[in-house]
Each structure stands twice: as C-alpha cells, then as structure tokens.
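Listed below, chain by chain, are the residues.
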Amino acid sequence: MDSQKEALQRIITTLANKNEELQHFLETINNTLTGLQEESWKVMSDLEAELGKLSSTLEEKGAELRSAIKEEQQRKEAELQAQLSEGNVALSSSLELLEFSNQTLKITNEEEFLKAAKQIKERVTMAPAFRLTTRPAVTDSMSSFAVDFSVERAELQKLHFLPVPRPPQIDVSACVVRDNAVAVVWRACGESCSDGDGGKERYTLEFRKTNRNVGERSAAETWETIHDIQETNFTITGLKFDSLFVIIRVQARNKAAASDFSEPVALETKAFNFGFDEATAHPELKVLGDTVTWEPQGGKGHDLRLKVKDNKSSRSATPSPNNRAGSRSGRDRFAGDSYTVLGDQEMSGGCHYWELRPLADWKSLSVGVAYRSSLGRFDQLGKTAGSWCLHASQWLQSSLTAKHNNRVKTLDWPLPQRIGIYCDYDNGDLLFIDVDRLHLLHSFKIKFTQPLVPAFSVWCGGVTVATGLQVPSFIGNFLSTNQSLSNLSQ
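Please read these numbers as outputs of a predicted model, since none were measured by experiment. (Residues numbered from 1 in each chain as written. Predicted model: local features only at pLDDT ≥ 70, side-chain atom pairs only at ≥ 80, totals over all residues. Heavy atoms only, no water.)

(A) Here's a closer look at the nonpolar core. Formed by 40 residues in total, the largest nonpolar core has its most connected members in Trp 354, Leu 356, Val 367, Trp 388, Leu 430, Leu 452 and Phe 456. With four residues, the top contributor of residues to this core is strand 13 (residues 364–371). Sequence-distant contacts of Leu 452, that is, excluding residues within four places in its chain, are made with Gln 345, Glu 346, Met 347, Val 369, Ala 370, Tyr 371, Trp 388, Cys 423 and Tyr 425. In terms of nonpolar packing, the next biggest core, distinct from the first, is built from 19 residues, Val 184, Ile 248, Ala 252 and Leu 267 among them. (Core = buried A, V, L, I, M, F, W, Y, C linked by side-chain atoms within 4.5 Å. Buried < 20%, exposed > 50% of the residue type's maximum accessible area, 1.4 Å probe, protein only. Helix = DSSP H or I, 4+ residues; strand = E, 2+ residues; numbered from the N terminus. Contact = heavy atoms within 4.5 Å.)

Below you can see the structure in the form of structure tokens.
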C-alpha cells in the first residue's frame, strides 16, 4: 500500500510539473500572439508612413516640374503676343499706305501727283512693316522638358522590406584577453548591407561573467550591453576578472531589423581574487569590502576585541575561487603593534597580481606576502623569515623600504600612489612596482616552501586593494631585465 502511494505521489508530482509546463507554454503562446498583433500593426504603420513619404516626395517633385513647364510656356506666349501686336500694327499701316498709293496713281495734276508720291516715299521708308522681323521670336518646341521615368519606375519596383541581418560570427582566434580588457572581433555574414543609412549595419555586443559552461546560466548572471558599434570589433575595458570566463555574443542591426545573436563564445579570464580575512584583522583595523582602515579603540576596546573569536570572512563583492585558506579558522587576530590583516586566499603555484592604493590620510603601511603559519599574533611584516614586504611611511619623514627577516633596504624613490604586487610562486619572483610611473621599486628572489597569503599592515589611515586583475603585460619588461635589487632574499 505504501509503495503504491509513493508511486502515485510520483505520478502526481510528474503531472503537476507537466501541468505547470503546459501553463507556461500556453502563456508563452498567448504572449506571442499578442506580440505578433502589436508588431504587425507597427510594421504596417511604418509601411504606410514610408509610402506616404514617397507619395509626398513625388507630389512635390511633380509640382516643381509642372511649374517649370508653365513658366516656360508663359514666357514664350508673352514674346509671341508681343510679336502679334507689332505685326498687326505694321499690317494696318501697310494697308493704309497701299490704299493711299493706289489713289495717288489716279491724280492727273502733276504738281499734286509729285507731292503725293514724295509723301508715299517718305512713309514707306518709315513704315513699321519694313522694320519688323518676320521670324517668330521663339519656337513652339518644349523638348527640353521631356521626361522619362522608366529608370525611377524600375527602382520603385524594387521597393521591399529591409533585409534581416544574419547573425555575425565571432572570430575566436582574433579575440585577445589582456590587461583586464577583452578585444572582440567578428565577421558580418550574408548580404544584409544595402545602400543608404537604412540598410547600414550597427552592432550590439553583450557579455556576462560566469564560472559555468557556455550553455549554463544562473539567475544572477545578467547580460551587460554595449549598443551602436559601427565596426566589426570592440574592446571591453576596465573589467574586473572575478569569474573564470566571460561570455560574449554579438547581434547585427539595421534601421528596423535585428539579427539573432551570434553563437556565444567563452573567453577565459583567469585572475587572482581575494578578500581580507577579517578573522585575522588587528582589533584596530576595520575591514569594509576591499578597504582596510585604522580605527584606534582605546585600552578597553583592545581587551574586548581580543576576546572575541570572529571566524567570519568579510570579502569584497566578488567570490574567490576554490583554494580558500583552510588554516585560518582558529588562528588568532593580530595584536599589539602589528596592525596586520591577511588575505583569505593562498598562493601555492602560478602567477598572481594585485594592487594597493593608500587612502588620503595614511601615515604608515606595509604590503607583501607571508607564510600564514610563520606570523605570530604580535609579529610585524618583514620582521620574520616567512614574510616579505614593501613598507612606506610619511610619519615625521617620508621613507620607502623593503623588508624581510628583520633586515631593511632603503629605496630611493618617491612614495607611490599605486603599488602593484606580482608574485610568481613557481619561479620565486616577488616584485613591487610603482604602477603610475611603471618603475620597479624592489624585487625578491625566493624559493617558496609553503603556501603564501597576501599580507597588509596599516597604521593611521587606510588602504584599498584591487583584485581580479590579470598579470599586466608590462610585467614582462621587468622580468626580462630583473636582477634582485637586494640581499634580503633567502
């Protein structure tokens, strides 16, 4: 009986899931129908609007051509009417003179005849008929206004809907991931480009960060969009690489239509991510995201804070990869004059890079790496055999030094505003760089024997740490000429 109930319950669950799936399907169909109606109305309205513009353009051009014909007709008619008036006057004058001449022939008196003949001669000389041009001033030809719109009609016959662009193809071999930027290159596909701005393609690029395969996606992973790209390449800059991959896809678009998105491409974005291990933070250090500040508590505050066992980690906004430092649970907070906090990720191989920026009111700070187990509660960075650091101070006077195993080397360089830390665990390289001036401040050459953690000390003021950074390309310049600048190395 129980097994039958369990089987029936499974059937009920399956049916419930199927019903939910069908309801979602029907809802999708209804939404699609509604969208189809709205989209059809929209494109129909757009078509009528475009046809209206064509009709208006033809009417305007027709009115312009008709006006030109009428103006030419009126000009010629005016000239011909003037000639008609002049001809009628000349003809009337000539008929009158002809009649007078015929009457003169009938005069018998010699004196009167000679007088009349003289008048006729004088009048003939001045007669309009003999001064008038007997050729029309203009012709009746209007051939210069002949039209033939067969070519235009043929073009109008080609009127059609804008072609829908085909999805672009991302050229993975040409894409470059470097210096926390992703250069994406793609190819336009198909014959979707046409003359005129209406058919010119623009592109939309979308990307998202993920730790999953290309086809998998969590609800928290949203696409970030870049619109109106005119070329077939684009570089996404200023990224924090806090995931294993960045997924890229591209869409082509003309005036009214968009292609499907290209096949998504996953590009590896390997970088070192860590946060501050608040459980190790000195009681007078306050951890907030990627920032540590020195906040003196007073004597009682020291005692109270030291008694608290706080094993929670306060991370920056991005999750760290696996390799979380497992030994930190149970490790005591730093105390006394150490003012130290450790990072929450270990380095046991490979190349790593991060940066540090002092806050405006800082007085003393140290940044470097350490073996977690080598530091006691009261130990300061650079004073043990298992810690290496760069120390900067502007308390009383400015100084910049490299420290290891309680040995110090003074560095002749202005206090940097941005310090880059590069650690190649396998080759034993530890470099400190003034990033703004691209200057190698100091380098250690060490044979590391234990996992390392980033380490920081702050007294008066604070620092901000930037993680999720690739090893910058400029590091290669320092490695190619790198010679250990101190005798502090082990």
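So much for the structure itself; the text now carries on.
(B) Here's a closer look at the sheet that holds strand 19 (residues 439–445). With antiparallel pairing, seven strands are arranged side by side in an open sheet as 9-10-21-12-17-18-19. Looking along the sheet, the strands with just one partner apiece sit at the ends: strand 9 (285–288) and strand 19. If you compare each strand with its neighbour and ignore which way they point, the axes differ by 20 degrees on average. Judged from the six bridges that link them, strand 18 (residues 429–434) and strand 19 form a sheet pairing that is antiparallel. Pairing of Asp 429 across the sheet is with Lys 445, part of strand 19. (Pairing = 2+ DSSP bridges. Axes fitted to C-alpha atoms, helices over the stretch in contact; angles between N-to-C directions.)

(C) Representation of the packing of aromatic side chains in the model. Going through the model one piece at a time under the given rule, you end up with 14 aromatic pairs. Members of the aromatic cluster, connected to one another through ring pairs, are Phe 272, Phe 274, Phe 276, Trp 354 and Phe 456. Between Arg 208 and the ring centre of Trp 223, over which it is positioned, the NZ or CZ distance is 4.8 Å. Its end group placed over the ring of Phe 261, Arg 249 keeps NZ or CZ at 4.1 Å from the ring centre. (Phe/Tyr/Trp six-rings, centres within 6.5 Å; stacked < 30°, edge-to-face > 60°. Lys NZ or Arg CZ within 6 Å of the ring centre and 35° of its normal.)

(D) Representation of the packing of helix 1 (residues 2–105) against helix 2 (residues 110–126) within the structure. Taken N-terminus to C-terminus, the directions of helix 1 and helix 2 make an angle of 160 degrees; their axes are 10 Å apart at the nearest point. Looking at the two axes, helix 1 sits roughly antiparallel to helix 2. Seen along the crossing, helix 1 lies across helix 2 with a hand that is left-handed. When helix 1 is examined against helix 2, the residues Glu 96, Leu 97, Phe 100, Ser 101, Thr 104 and Leu 105 are found in contact with a partner set consisting of Phe 113, Ala 116, Ala 117, Gln 119, Ile 120, Arg 123 and Val 124. For the contact of helix 1 with helix 2, the class distribution of residues is eight nonpolar, three polar and two charged. (Parallel < 35°, antiparallel > 145°, perpendicular 65-115°, else oblique. Left-handed = near helix turned anticlockwise from the far one by under 90°. Nonpolar A, V, L, I, M, F, W, Y, C, P; charged D, E, K, R; others polar.)

(E) Summary view of a nonpolar patch on the surface. There is a patch of nonpolar side chains on the surface, built from Met 44, Leu 47, Leu 51, Leu 54, Leu 58, Leu 156, Leu 159 and Phe 161 and spanning about 760 Å² of accessible area. Per-element tally for the nonpolar patch: the top contributor is helix 1, with five residues. Summarising the element assignment, Leu 51 is placed in helix 1. The exposure class assigned to Leu 51 is partly exposed, which follows from its relative accessible area of 40%. (Patch = residues over 30% accessible without salt bridge, like charges linked within 9 Å, V, L, I, M, F, W, Y side chains within 5 Å. Areas by Shrake-Rupley, 256 points an atom, 1.4 Å probe, with all protein chains shown as cover. Salt bridge = Lys/Arg side-chain N within 4 Å of Asp/Glu carboxyl O.)

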